[in-house]
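Chains, contacts and geometry: an overview
The lines below spell out each chain.
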Amino acid sequence: MEKILHKKNLGEWVAQLGAYDVQTPVFGDDAWSYQALGDGQTPRLDHPNTVEPPKGFHFPQREVFYTYRQVSGEAPVLDSTVPDPATTVVFGVRPCDGRGVPCNDRVFSGEMEDPYYRARRSGTILIGLACNKPPSANCFCLAVGGSPHSDDGLDILMTDLENRYAVKALTDQGAALVTLAEPLFGEPGDRDRKDLEETHALSRQHPQRTLPDMEAVPGRLEAEFDSPLWSEMARACIGCGICTFLCPTCHCFDITDEVTGSTPLEGRRVRTWDTCQFPDFTMHSSGHNPRPDCGSRLRQRVCHKFLYFFENHGTHQCVGCGRCITECPVGIDIVAIVNRVAGHAK
Ligand code: SF4
Ligand code: SF4
């Protein structure tokens, strides 16, 4: 389904989605983040990209799996907290972040399905916004097989055509959102189709960061596994984990039990994001740590993106959003690293 929405009708469309929890990019405290719209607020779709990707809608930073309660001498009682499929609509998802969603689906909805992820994923509708210009100086979606107007992982793709949006519904859930406010939308004419084609073609011509031949990268990483380059490139790393927490495809987590009462015994089992950039991520109970330094941990992050995930799923686990570069407090740059390991840079 392809439609045209005049910009003056965007607010009305959002207003008609009142049954949903509508989240849009909002600027505040010097950063863009997804937030619920207040009454009468219209989404601003002129954002560069949010600091946090939308992965938290499917895979929150912290979630309770179940609570438990055990009276002395009795069997424990568990109360599972699998969420009801929410009805959240997220506006303004950039195409790179959309492509991150199928990456995470491969992990959480593969042979072993994660019911918590599945419930949230099935109830979240992602409305993408094509990037007419790269929203960051560190974008490299083209180098990793994406595009500024990719519709992978999205339910709707919108493209800004100056005074109107081209709106393409890609799934039944996306089409339902358009149908719900049908009178606001028009049919695309020849001029709209031509403008859309030209806008998309132009968006692919804007300069982006580049990577070497990606087919060769897994082999290069394997060959350089024991290279001293890793320690050298990680010298400035402070192990903060920002590069992974802000990555749309990083998905590592820890599970802990939190005791909240002792008589009777009460508590909850909680999942929280974790990161391969923390020393205790791989710490064994013996005290041995197979990744004892920042160099081995940086290698793990890069190899997971461009070697291990590729071997397991046939695709790279990086969508080129550039957040790990932009937000790293010490300037560690995954594009520069891959180029260096591939022998394309000093
Ligand atoms: S964001 Fe930078 S400093 Fe922090 S763990 Fe990642 S590479 Fe290291
Ligand atoms: S590795 Fe960096 S550039 Fe690639 S998807 Fe993750 S945050 Fe974005």
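Residues numbered from 1 in each chain as written. Chains lettered and ligands numbered in written order. Predicted model: local features only at pLDDT ≥ 70, side-chain atom pairs only at ≥ 80, totals over all residues.

1. What about the pairing of strand 8 (residues 156-160)?
Counting buried positions along strand 8 yields four of five residues, so the element is predominantly enclosed. Sheet analysis places strand 7 (residues 124-129) next to strand 8, joined by three bridges and oriented parallel. Looking at strand 8, one finds that Ile127 is bridged to Ile156. Examined bridge by bridge, strand 8 and strand 9 (residues 164-169) share five bridges and lie antiparallel to one another. Across the sheet, Ile156 pairs through a bridge with Ala169, a residue of strand 9. Adjacent in sequence and paired antiparallel, strand 8 and strand 9 are bridged by three residues, among which Glu162 carries a positive phi angle near 70 degrees. (Buried ≥ 20, exposed ≤ 12 C-beta atoms within 10 Å, placed from the backbone. Helix = DSSP H or I, 4+ residues; strand = E, 2+ residues; numbered from the N terminus. Pairing = 2+ DSSP bridges.)

2. Observations concerning the site of ligand 2
In the neighbourhood of ligand 2, the contacting residues comprise Cys247, Pro248, Thr249, Lys305, Cys318, Val319, Gly320, Cys321, Gly322, Arg323, Cys324 and Ile334. Here the shell around ligand 2 is composed, by residue class, of seven nonpolar, three polar and two charged. (Near = placed C-beta within 6 Å. Nonpolar A, V, L, I, M, F, W, Y, C, P; charged D, E, K, R; others polar.)

3. Here we look at the nonpolar core
Soluble globular proteins: nonpolar side chains tend toward being buried together. The biggest cluster of nonpolar side chains holds 33 residues, and the ones touching the most others in it are Phe140, Cys141, Phe306 and Val338. At seven residues, the largest contribution of residues to this core is made by helix 9 (residues 294-313). When residues of this core are assigned to domains, at least three fall in each of domain 1 (2-59 + 83-203) and domain 2 (217-254 + 274-341). In contact with Cys141, not counting residues within four places along its chain, are Pro95, Cys96, Gly146, Ser147, Pro148, Val319 and Gly320. Among the nonpolar cores identified, the runner-up in size contains 29 residues, and Cys131, Tyr165, Val167 and Phe185 belong to it. (Core = buried A, V, L, I, M, F, W, Y, C linked by C-beta atoms within 7 Å. Domains from an automatic or database assignment. Contact = placed C-beta atoms within 7 Å.)

4. Here's the deal with the sheet that holds strand 2 (residues 21-28)
Pairing is mixed across the open sheet formed by eight strands, whose spatial order is 3-2-6-7-8-9-1-10. The sheet is open, and its two edges are formed by strand 3 (31-36) and strand 10 (185-186), each paired on a single side. Note: strand 2 against strand 3, six bridges, orientation antiparallel. By the bridge assignment, Pro25 is partnered in strand 3 with Tyr34. Sheet strands in contact with helix 5 (residues 190-203) are strand 1 (2-6), strand 8 and strand 9, and its direction is about 90 degrees off that of strand 8. (Axes fitted to C-alpha atoms, helices over the stretch in contact; angles between N-to-C directions.)

5. Details of the domain arrangement of the protein chain
For the protein chain, the assigned domains read domain 1 (2-59 + 83-203) and domain 2 (217-254 + 274-341). Distance from the C-alpha centre of domain 1 to the C-alpha centre of domain 2: 28 Å. Across the contact, 22 residues belong to domain 1 and 17 residues belong to domain 2. In terms of residue class, the side of domain 1 that touches domain 2 is built from eleven nonpolar, six polar and five charged.

6. Let's talk about the sheet that holds strand 4 (residues 62-70)
Taken in spatial order, the four strands make up an open sheet running 5-4-12-11, and their pairing is antiparallel. Edge positions in the open sheet fall to strand 5 (77-80) and strand 11 (253-262), since each of these has one partner strand only. Sheet twist, expressed as the average angle between the axes of neighbouring strands with direction ignored, equals 20 degrees. Direction of pairing for strand 11 relative to strand 12 (residues 265-273): antiparallel, over a ladder of nine bridges. What sits directly across from Val259, in strand 12, is Gly267.

7. Some remarks on the site of ligand 1
In the neighbourhood of ligand 1, the contacting residues comprise Cys237, Ile238, Gly239, Cys240, Gly241, Ile242, Cys243, Gln277, Cys328, Pro329, Val330 and Ile332. The residue inventory of the shell around ligand 1, partitioned by class, reads nine nonpolar, three polar and no charged.

8. Describing helix 11 (residues 334-341)
Taken together, the buried positions of helix 11 are occupied by Ile334, Val335, Ile337, Val338 and Val341. Looking straight down helix 11, one finds that the buried residues subtend no more than 160 degrees of arc, so they occupy a single side. Looking at the packing, one finds that the buried side of helix 11 touches helix 6 (217-223), helix 7 (229-233), helix 9 and helix 10 (323-326). (Arc of directions from axis to C-beta.)

9. Structural notes on the pairing of strand 6 (residues 88-93)
Counting buried positions along strand 6 yields five of six residues, so the element is predominantly enclosed. Here strand 2 runs beside strand 6; their pairing, made up of three bridges, is parallel. For Asp21, the partnering residue across the bridge sits in strand 6 and is Thr88. Pairing of strand 6 with strand 7 involves four bridges; the strand directions are parallel. Considered in strand 7, the bridge of Val89 is made with Ile125.

10. Section: the environment of Asn289
By the secondary structure assignment, Asn289 is in the loop between strand 12 and helix 9. Accessibility expressed as a C-beta count within 10 Å gives 15 for Asn289, which makes it partly exposed. Sequence separation between Asn289 and Glu232 is 57 residues; the distance between their C-alpha atoms is 20 Å. Those residues in contact with Asn289 that lie beyond four places of it in its chain are Pro279, Thr282, Met283 and His284.

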